[in-house]
Amino acid sequence: MRALSTAATGMAAQQLNVEVISNNIANMNTIGYKRQRAEFQDLLYQDQEQVGSQSDASGTIVPTGLQIGSGVKAGSIYRITQQGSMTQTSNPLDLAIQGIGYLQVQMPSGETAYTRAGNLSVNNSGQLVTDQGYTVLPAITIPAGATNVVISQSGLVQATLPGQTTPQTLGQFELASFVNEAGLEGLGDNLWQVSGASGPAVVGLPAANGMGTLLQGYTEASNVDAVSEVTSLIAAQRAYEMNSKVVTTADQMLSTTVQEKS
Amino acid sequence: MDNTLYVSLSRQMTLRKELDVVANNIANADTAGFKVESLMVANDPVTPPAAPGAAPIQFSFDNGLARDFSQGALRQTGGTLDLGLRGDGFFQVQTANGTRYTRDGRFALDAQGQIVTAAGDPVLSDGGAPLSIDPTKGPPLFGPDGTVTQGKQIAGKIGVVRFASQSALQKDGGGYFENVSNLGSQPAQDTKVEQGMVESSNVNPIAQITRLIEVSRAYEQIANIMDGNSSLYNEAVQRLGKVN
């Protein structure tokens, strides 16, 4: 009975859907998180009567054919890279990216990872690091005793050093963009790395050549919309129930067959 | 007398097939661009009566699958490359097996900047070529006729086509339809492309669950008829076997 396995594919798909939705809800307050969406596609069809085949010798053509589908599969989990809203933090080392672009992060393995979470800190040698302690590239060091750290929209970092009155330039941030940013591979900890689907990183200065601008004292909130996630959750649960109803019905029909008197 | 059994069996077989179709509809209730299907059942007019003057026997058989191409609800997603179609058009997709048509507009970019489907197949422009955009030129905007603009530049126009008869289309899995007739497609001028929207499946869950109950009850009913027929047999054998 095909209906049993068809309904099973439906239940598996809805289970995946609930997993993706719950991950979105769990990351509602994660800085720079982008919501994800499970995308479903119908499975292959079995032709029992081909569309366009002839039903008699005089060439009458079957108008619709008979194709029976075998359920649903998860096509992909797509990351929606819509801009999250800005949350004011007043912390001078919090950076939000408005528009496209990722901050580059030096991983301990030597590879470069990318992040939208700009809640930076200073490590013991004065370098700007992420909250895991990884250096942000290009490395910018804030000397001890520097005050009034200002980061401009184009990523220029300036600070007033002890004993000086004019601000000194300490460095400039760069952003990386990708042809297909939804294709980046997630590493966890808000970090992403280049994959075959994302295309290579294109590095450039903020606020130039289509790159986004930096906003000091803000962080980018996740773009998860709680209301739409909860409604999706309800829809997924109901869809799961409907598929389980199909299993029950198929089971009842089988049991009717088994109980028929011979 | 056997006819009762065989006619009942023919109905049970179509009901099972119908259950498969309903199960597939319900499994795909959440698949973007999916079109609901229903089994068409007819009586078989070609079986002649068993004897002259006897009532004709009409078996039940499935003579096709009706696909309802009506518009699914457009759901807002906010995705830049989510395109919903309002009207009877289809997007064209270039696959390894030739051109396919789809209503599922959840597109993405590949590493070369081409607009592709979730399966990675390039979406075709109105000229029939893959369509590329440059993400550094700003977010692409899709007009209702499918024209893609970035900033002030036109990057291309996404192709939307329609068919005079949609029964020429056969499902190919993955949300794709294949044109199996020799009818060509025409540009769909009346179909509007809506950005940031995805067309939900047009499966009506209530109708499908109702259909499910109907199928299950009809199946039981037929089983009862078969049981009744079998008791009739038993009784006949017992009575005819008695000598006095």
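Along each chain, the written sequence defines residue order, and numbers are assigned to residues from 1. Chains carry letters from A onward and ligands carry numbers from 1 onward, assigned in written order. Given that this is a predicted model, residues contribute local features only at a pLDDT of at least 70 and side-chain atom pairs are listed and counted only at 80 or more, while totals for whole chains, interfaces and linings are drawn from all residues. In computing side-chain values, all of the structure's heavy atoms are included and hydrogens and water are not.

### As for the overall build of chain A
- A helix here means a DSSP run of H or I that spans at least four residues, while a strand means a run of E at least two residues long, and both kinds are numbered starting from the N terminus. Assigned secondary structure in chain A consists of two helices and 21 strands.
- Computed over its C-alpha atoms, the radius of gyration of chain A comes to 27 Å, more than 25% above the 18 Å expected for a compact globule of 262 residues.
- Dimensions of chain A, computed from the C-alpha atoms along their principal axes, are close to 100 × 45 × 35 Å.
- Note on exposure labels: buried denotes an accessible area under 20% of the residue type's maximum, exposed denotes more than 50%, and partly exposed covers the range between, all computed with a 1.4 Å probe on protein chains only. Of all 262 residues assigned to chain A, the portion counted as buried reaches 43%. Taken over C-alpha atoms, the radius of gyration is set against a globule rule of 2.2 Å times the number of residues to the power 0.38.

### A look at helix H1 (residues 2–26) of chain A
- Between its terminal C-alpha atoms H1(A) stretches 36 Å, which fits the 36 Å expected from 25 residues at 1.5 Å a residue.
- Where H1(A) is concerned, the buried positions are A:Ala3, A:Thr6, A:Ala7, A:Gly10, A:Met11, A:Ala13, A:Gln14, A:Asn17, A:Val20, A:Ile21 and A:Asn24.
- On the buried face of H1(A), the contacting elements are strand S1 (36–42), strand S3 (66–69), strand S4 (72–79) and helix H2 (226–259) of chain A together with helix H1 (2–27) of chain B. The span one expects for a helix is its residue count, reduced by one, times 1.5 Å. Throughout, a contact is declared for two residues whenever any of their heavy atoms are within 4.5 Å.

### Notes on the pattern of salt bridges
Residues and elements named next belong to chain B.
- A pair is scored as a salt bridge if a Lys or Arg side-chain nitrogen falls within 4 Å of a carboxyl oxygen belonging to Asp or Glu. The final tally for this structure, using the stated rule, is 20 salt bridges over all chains.
- Here arginine 86 ties to glutamate 194 by a salt bridge, and the two come within 2.6 Å at their closest N and O atoms. With a gap of 108 residues between them, arginine 86 in strand S4 (residues 83–86) and glutamate 194 in strand S16 (residues 192–195) connect regions that are remote in the sequence.
- Note on arginine 86: relative accessible area 41%, which makes it partly exposed.
- For arginine 100, the salt bridge goes to aspartate 172, with nearest N and O atoms at 2.6 Å. Of the two residues, arginine 100 is situated in strand S6 (residues 98–102) and aspartate 172 in the loop between strand S13 (169–171) and strand S14 (176–179); the sequence distance between them amounts to 72 residues.
- You can call arginine 100 buried: its relative accessible area is 6%.

### Re the pairing of strand S10 (residues 147–150) of chain B
All names here are of chain B.
- For two strands to be treated as a pair, DSSP must find at least two bridges joining them. Pairing of strand S9 (residues 141–142) with S10, which is carried by two bridges, proceeds in the antiparallel orientation. Its bridge partner being in S10, phenylalanine 142 is matched across the sheet by valine 148.
- Connecting the antiparallel pair S9 and S10 is a turn made up of four residues, with glycine 146 showing a positive phi of about 95°.
- Counting the residues that bridge the hairpin from S10 to strand S11 (residues 153–157) gives two residues, and of these glycine 151 lies at a positive phi of roughly 65°.

### Structural notes on the packing of H1(A) against H2(A)
All names here are of chain A.
- Axis geometry follows a simple rule: fit a line to the C-alpha atoms, using only the stretch in contact for helices, then measure angles between N-to-C directions, giving values from 0 to 180 degrees. Packing of H1 against H2 leaves a shortest axis separation of 9 Å and a crossing angle of 160°. By the angle class used here, H1 and H2 are roughly antiparallel. Between H1 and H2 lies a crossing whose hand is left-handed.
- When residues are sorted by character, Ala, Val, Leu, Ile, Met, Phe, Trp, Tyr, Cys and Pro go into the nonpolar class, Asp, Glu, Lys and Arg into the charged class, and all the rest, Gly among them, into the polar class. Considering only residue class, the contact of H1 with H2 consists of 16 nonpolar, eight polar and one charged. Orientation labels follow simple angle bins: below 35 degrees gives roughly parallel, above 145 gives roughly antiparallel, 65 to 115 gives roughly perpendicular, and whatever is left gives oblique. Rotating anticlockwise by less than a right angle from the far helix to the near helix defines a left-handed crossing, while the corresponding clockwise rotation defines a right-handed one.

### Some points on H2(A)
- Along its 34 residues, H2(A) runs 49 Å from first to last C-alpha, staying within 8% of the 50 Å computed at 1.5 Å per residue.
- Within the span of H2(A), buried status applies to A:Glu229, A:Ala236, A:Ala239, A:Met242, A:Asn243, A:Val246, A:Thr249, A:Ala250, A:Met253 and A:Thr256.

### Brief notes about the interface of chain A and chain B
- With 61 residues of chain A at the interface, the matching set in chain B holds 61 residues.
- Reported buried area values correspond to the accessible surface (1.4 Å probe) lost by two parts on association, with both partners' losses combined. Buried area between chain A and chain B, summed over both chains or domains, comes out near 4,800 Å², and the portion from carbon and sulfur atoms is 56%.
- Our enumeration of links across chain A and chain B arrives at two salt bridges.
- When the shortest N-O distance is used, the salt bridge between A:Arg2 and B:Asp20 registers 3.6 Å.
- Polar contact criterion, stated in full: a pair of N or O atoms within 3.5 Å, where within protein one must be able to donate a hydrogen and the other to accept it, and residues adjacent in sequence count only if both atoms are side-chain atoms. Scanning the region where chain A abuts chain B turns up 16 residue pairs in polar contact (both at pLDDT 80 or more).
- Taken together, the elements giving at least two residues each to the side of chain A that touches chain B come down to H1, S1, strand S2 (45–49), S3, S4 and H2 of chain A.
- With 11 residues, H2(A) is the single largest residue contributor to the side of chain A that touches chain B.

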